[in-house]
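# Examination of the molecular architecture
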Amino acid sequence: MKILVCMKQVPQKDAPLKLNEASSWIREDVSYEVNEPDAFALEESLRQKEKHGGEVVVITSGPARSQQVLREALAKGADRAIHLEDNAFVGLDAFNTAKAFAAAIKDEKFDLIFTGLQSDDYGYAQTGVILAELLGWPHATIIMQIEKTDGGIKVKRELEAGFFQFVDMPLPAVLTIQSGINKLRYATLIGIKQAKNKPIRKVALAEVQSAIGENLQKIERLYVPQKTKKTEHIEGSPAEIAKKLVDKLRNELRVL
Amino acid sequence: MPDTILVVVEQREGKLNRVSWETIAAGQAIAAATGWTLEAAVVGGSASTFAAEVAAKKLAKVYAVESPKLEPYTPDAFAAALKQFLTAKQPRLVLMPHTYQVRDFVPKLATAMGRAVISDCIGFKHENGKLLFTRQMFQGKFAADVSFTSAAPWFATFQNGSFRGDKAEAGASPAPIETVNVEIADIVIRNKPQEVFKEAKQAVDLTQAEIIVSVGRGIKEQKNIEMAKQLADALGGELAASRPICDSGWLPMDRQIGSSGQTVAPKLYLALGISGAIQHIVGMKGSRTIIAVNKDSEAPIFEIADFAIVGNLFDIVPPLTEEVTKAKAGSQT
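Here the structure is a predicted model, which means the values were calculated and not measured. (Residues numbered from 1 in each chain as written. Chains lettered and ligands numbered in written order. Predicted model: local features only at pLDDT ≥ 70, side-chain atom pairs only at ≥ 80, totals over all residues. Heavy atoms only, no water.)

In terms of helices and strands, chain B carries eight helices and 17 strands. Seen through its C-alpha atoms, chain B measures out along the principal axes to roughly 70 × 50 × 35 Å. Expressed as a percentage of the 333 residues in chain B, the buried residues total 59%. Intrachain contacts of chain B at a sequence separation of at least 6 include 63% that bridge at least 24 residues. Summed over all atoms, the accessible surface of chain B reaches about 13000 Å², with 50% contributed by carbon and sulfur. Distance from the positive charge centre (35 side chains) to the negative charge centre (35 side chains) of chain B: 2 Å. (Helix = DSSP H or I, 4+ residues; strand = E, 2+ residues; numbered from the N terminus. Buried < 20%, exposed > 50% of the residue type's maximum accessible area, 1.4 Å probe, protein only. Contact = heavy atoms within 4.5 Å. Areas by Shrake-Rupley, 256 points an atom, 1.4 Å probe, with all protein chains shown as cover. Lys, Arg positive; Asp, Glu negative; His and termini not counted. Charge placed at Lys NZ, Arg CZ, Asp CG, Glu CD.)

Okay, structure coming up:
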């Protein structure tokens, strides 16, 4: 199976984020990491390849810094990478990101495309499904298990409130992968070494420009959300905090 | 003709999803702000069964979009049915709840129509005639006001809990119902879904718990779960967790709180080392009192906390457990 994994670099989970001067985006001087569900998507692609053979290709869009995500994927076992390298990709909406990806892979023939189920920055939860529609492929979302069958694949979709569903579908297909579908591997030293010789195809903005258009949605402003709740900070030494909390639990909340 | 807002309510497995009332409440609020007409649609194999229930709300009209091909749910059939219906109706704005089912088909539907979805919104603003949708970014650390720059129809989905479903206004008289039969060719539907099932019997029903002590990534290691368990026991509460903890197998899946787990509203929710990702917050923000312990003062969980303790949970929890135990012993003597 030939699998493409769409990956994204996002700010680290506990990185302190600040707004830029125009309040249009965050200040970029933060630490980044791979979007967590994308890491599970990559892991799943490597496991499928180990079972069925084939190739794993990883793709991302973003400035030079985002190449780190591809390097890590190559070190874990991906065979090659595609980097749509330009800062302008950061500002694309899901519709245009999917269009740029579709344009970048138009000469490839994949059996499966994986994405994480959503990103930790925009959180659209749309790019994978849009890509499927642009390619004319079937899709399934929030996937917790993938098995190859005679006619295609059988996937396990996570539904809400603890429900699941198996779905049989033909290939090629796009799947959005849920965190926790598998256990992530670490890159090995030898993997890191080998990654240095694996190819990364760079795609400039100009190459896909004709495929993308104006964004269909616009972030007018970004801001720190107004608090709807009054939060009382409880401070002091751990022992003092414990005493204060117990007092609240007993006398204000009346749960003790 | 005035512009129309169309709310697509959700039914699954023969039941109307209660979150649909929230989306109708959202539609009513936007209609009041804009002066646009509000209508609703039910989509499914036997959509008209649910139409009457929906038509009791203050709506200009309810459509039952029907085809036997809509049962069971597939994204292919739902997108095809709604594309036909919306192309004919041309509403200005289409609203849906941000459920797993909607997430599965709405990006496809909008793309097929060359349009965009502003997904997972928590509110809206109507400023100088411009409609803005508020959504969370960077896991709730920021909010963004987002506008549509494309032609109509516009698609927006609302996060669970953004509007009060019980505040959806009833109509003076039932709204008229129109059944719309859509044609879906067999070849359109590529996925073959099987029966929906639950993994295992849910051993704990966290929705009944009055006190919940919940742990997140900040607990660091499986062996530290015991410390949280002791606090839960001292308080007479249940132990729960955010998704990553259950994914790691440190606690069973049936103790997971959030969009993929249980939705709870206890008297007290004590969040230990939980950053407050949106998917977790939607499962517990209805709690009467929320106490959060986190070492990161900017963790989104503090946005919804009544009491905030910025600090290391490993320092805070043991003396707290001790104090609670003492207090309980004291109240018994």
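Let's shift gears to the side chain of Ser150(B). Position of Ser150(B) among the secondary structure elements: in the loop between strand E9 (142–148) and strand E10 (154–158). A relative accessible area of 14% means that Ser150(B) is categorised as buried. When sequence neighbours within four positions are dropped, the list of residues in contact with Ser150(B) reads Leu216(A) and Arg115(B).

Let us now look at the pairing of strand E17 (residues 307–310) of chain B. Working note: regular strand, side chains alternate between the two faces of the sheet. The pairing of strand E13 (residues 232–233) of chain A with E17(B) spans two bridges and is parallel. Paired with Glu232(A) across the bridge in E17(B) is Phe307(B). The sheet contact formed by strand E16 (residues 289–294) of chain B and E17(B) spans four bridges and is parallel. Residue pairing across strands places Asn294(B) opposite Val310(B), the latter belonging to E17(B). (Pairing = 2+ DSSP bridges.)

Take the packing of helix H3 (residues 75–89) of chain B against helix H4 (residues 100–112) of chain B next. Packed helix pairs are specified by the crossing angle of their axes together with the interaxial distance, meaning the distance between the axes. All names here are of chain B. At a minimum axis distance of 9 Å, the contact between H3 and H4 shows a crossing angle of 50 degrees. One element, H3, and the other, H4, form an angle in the oblique class. Handedness of the crossing formed by H3 with H4: right-handed. For the pair H3 and H4, contact is made by Pro 75, Asp 76, Phe 78, Ala 79, Leu 82, Lys 83 and Leu 86 and by Gln 101, Asp 104, Phe 105, Lys 108, Leu 109 and Ala 112, respectively. Class assignment for the residues of the contact of H3 with H4 results in eight nonpolar, one polar and four charged. (Axes fitted to C-alpha atoms, helices over the stretch in contact; angles between N-to-C directions. Parallel < 35°, antiparallel > 145°, perpendicular 65-115°, else oblique. Left-handed = near helix turned anticlockwise from the far one by under 90°. Nonpolar A, V, L, I, M, F, W, Y, C, P; charged D, E, K, R; others polar.)

The next subject is the packing of aromatic side chains. Across all of its chains, the model carries 14 aromatic pairs over all chains by this definition. Judged by centre distance (5.0 Å) and plane angle (15 degrees), the rings of Tyr122(A) and Tyr124(A) are stacked. Take Tyr122(A) and Tyr124(A): they sit in the same class, and that class is buried. These aromatic residues form a ring-pair network of at least three members: Trp25(A), Tyr122(A), Tyr124(A), Phe138(B) and Phe142(B). Here the guanidinium or amino end of Lys2(A) rests over the ring plane of Phe110(A), the centre of that ring lying 5.1 Å away. (Phe/Tyr/Trp six-rings, centres within 6.5 Å; stacked < 30°, edge-to-face > 60°. Lys NZ or Arg CZ within 6 Å of the ring centre and 35° of its normal.)

Of the residues lining the interface, 87 residues belong to chain A; the matching set on chain B comes to 86 residues. Carbon and sulfur atoms supply 55% of the area buried between chain A and chain B, which totals about 7700 Å² over both sides. Contact with chain B buries area across many residues of chain A, yet Glu160(A), Leu216(A) and Lys229(A) alone supply 9% of it, more than any other trio. Put simply, Asp104(B) and Arg157(A) hold a salt bridge, and the shortest N to O gap is 3.9 Å. Viewed at the interface, chain B and chain A are joined by 46 residue pairs in polar contact (both at pLDDT 80 or more). Only helix H4 (127–135), strand E7 (139–148), strand E8 (152–158), strand E9 (163–170), strand E12 (217–223), E13 and helix H7 (238–252) of chain A provide two or more residues apiece to the side of chain A that touches chain B. With 11 residues, H7(A) is the largest single contributor of residues to the side of chain A that touches chain B. Classifying every residue of the side of chain A that touches chain B by side-chain character gives 45 nonpolar, 17 polar and 25 charged. Bridge count between E9(A) and strand E12 (residues 192–198) of chain B: five bridges; the pairing is antiparallel. (Buried area = accessible area lost by both parts, 1.4 Å probe. Salt bridge = Lys/Arg side-chain N within 4 Å of Asp/Glu carboxyl O. Polar contact = N/O pair within 3.5 Å; in protein donor to acceptor, adjacent residues only side chain to side chain.)

Direction vectors running N to C along H4(A) and H4(B) enclose 45 degrees, while the axes themselves pass 8 Å from each other. Taken together, the axes of H4(A) and H4(B) are oblique relative to one another. Viewed along their axes, H4(A) and H4(B) form a crossing whose handedness is right-handed. Contacts between H4(A) and H4(B) involve Val129(A), Ile130(A), Glu133(A) and Leu134(A) from the former and Arg103(B), Asp104(B), Pro107(B), Lys108(B), Thr111(B) and Ala112(B) from the latter.

This next bit is on the sheet that holds strand E4 (residues 37–44) of chain B. Sheet architecture is open: 10 strands sit in the order E12(A)-E9(B)-E8(B)-E7(B)-E10(B)-E6(B)-E1(B)-E4(B)-E5(B)-E11(B), paired in mixed fashion. Pairing within the sheet leaves two strands with one partner each, and these edge strands are E12 of chain A together with strand E11 (177–181) of chain B. Going across the sheet, the axis of each strand differs from the next one's by a mean of 35 degrees, ignoring polarity. Inspection of the sheet shows E12(A) paired to E9(B) by six bridges, in the antiparallel sense. Paired with Arg221(A) across the bridge in E9(B) is Asp145(B). Where H3(B) meets the sheet, it contacts strand E1 (4–9), E4, strand E5 (61–66), strand E6 (93–97), E10 and E11 of chain B, and its direction lies at approximately 140 degrees from that of E5(B).

With that out of the way, let us pick up helix H3 (residues 94–104) of chain A. Counting buried positions over the 11 residues of H3(A) gives 10, a clear majority of the element. Along H3(A), the positions that sit buried rather than exposed are Ala94(A), Phe95(A), Asn96(A), Thr97(A), Ala98(A), Ala100(A), Phe101(A), Ala102(A), Ala103(A) and Ala104(A).

This brings us to the environment of Leu84(A). Residue and element names in this part refer to chain A. By the secondary structure assignment, Leu 84 is in strand E5 (residues 80–85). Separated by 20 residues in sequence, Leu 84 and Ala 104 have C-alpha atoms that sit 7.9 Å apart. Contact partners of Leu 84, with chain neighbours within four places excluded, come to Ile 59, Thr 60, Ser 61, Gly 62, Phe 89, Ala 100, Phe 101, Ala 104 and Val 203.

Before going further, it helps to examine the domain arrangement of chain B. Residues and elements named next belong to chain B. Its domain assignment divides chain B into domain 1 (4–188) and domain 2 (206–332). Taken over C-alpha atoms, the centre of domain 1 sits 34 Å from the centre of domain 2. Listed as interface residues are 10 residues of domain 1 and, on the opposing side, 10 residues of domain 2. Carbon and sulfur atoms make up 53% of the area that domain 1 and domain 2 hide from each other, which totals about 750 Å². The interface formed by domain 1 and domain 2 holds one residue pair in polar contact (both at pLDDT 80 or more) in total. Residue classes in the side of domain 1 that touches domain 2 are distributed as one nonpolar, seven polar and two charged. (Domains from an automatic or database assignment.)

A sheet is described by the order of its strands in space; here six strands give the open sequence E13(A)-E17(B)-E16(B)-E15(B)-E13(B)-E14(B), paired in parallel fashion. Each end of this open sheet is capped by a strand with a single partner; those strands are E13 of chain A together with strand E14 (238–241) of chain B. The strands touched by H7(A) within the sheet are E13 of chain A together with strand E15 (268–272), E16 and E17 of chain B, with E17(B) carrying the most contacts at an inclination of about 170 degrees. Along the sheet, helix H5 (residues 225–235) of chain B contacts strand E13 (211–215), E14 and E15 of chain B; its crossing angle with E13(B), the most-contacted strand, is approximately 170 degrees.

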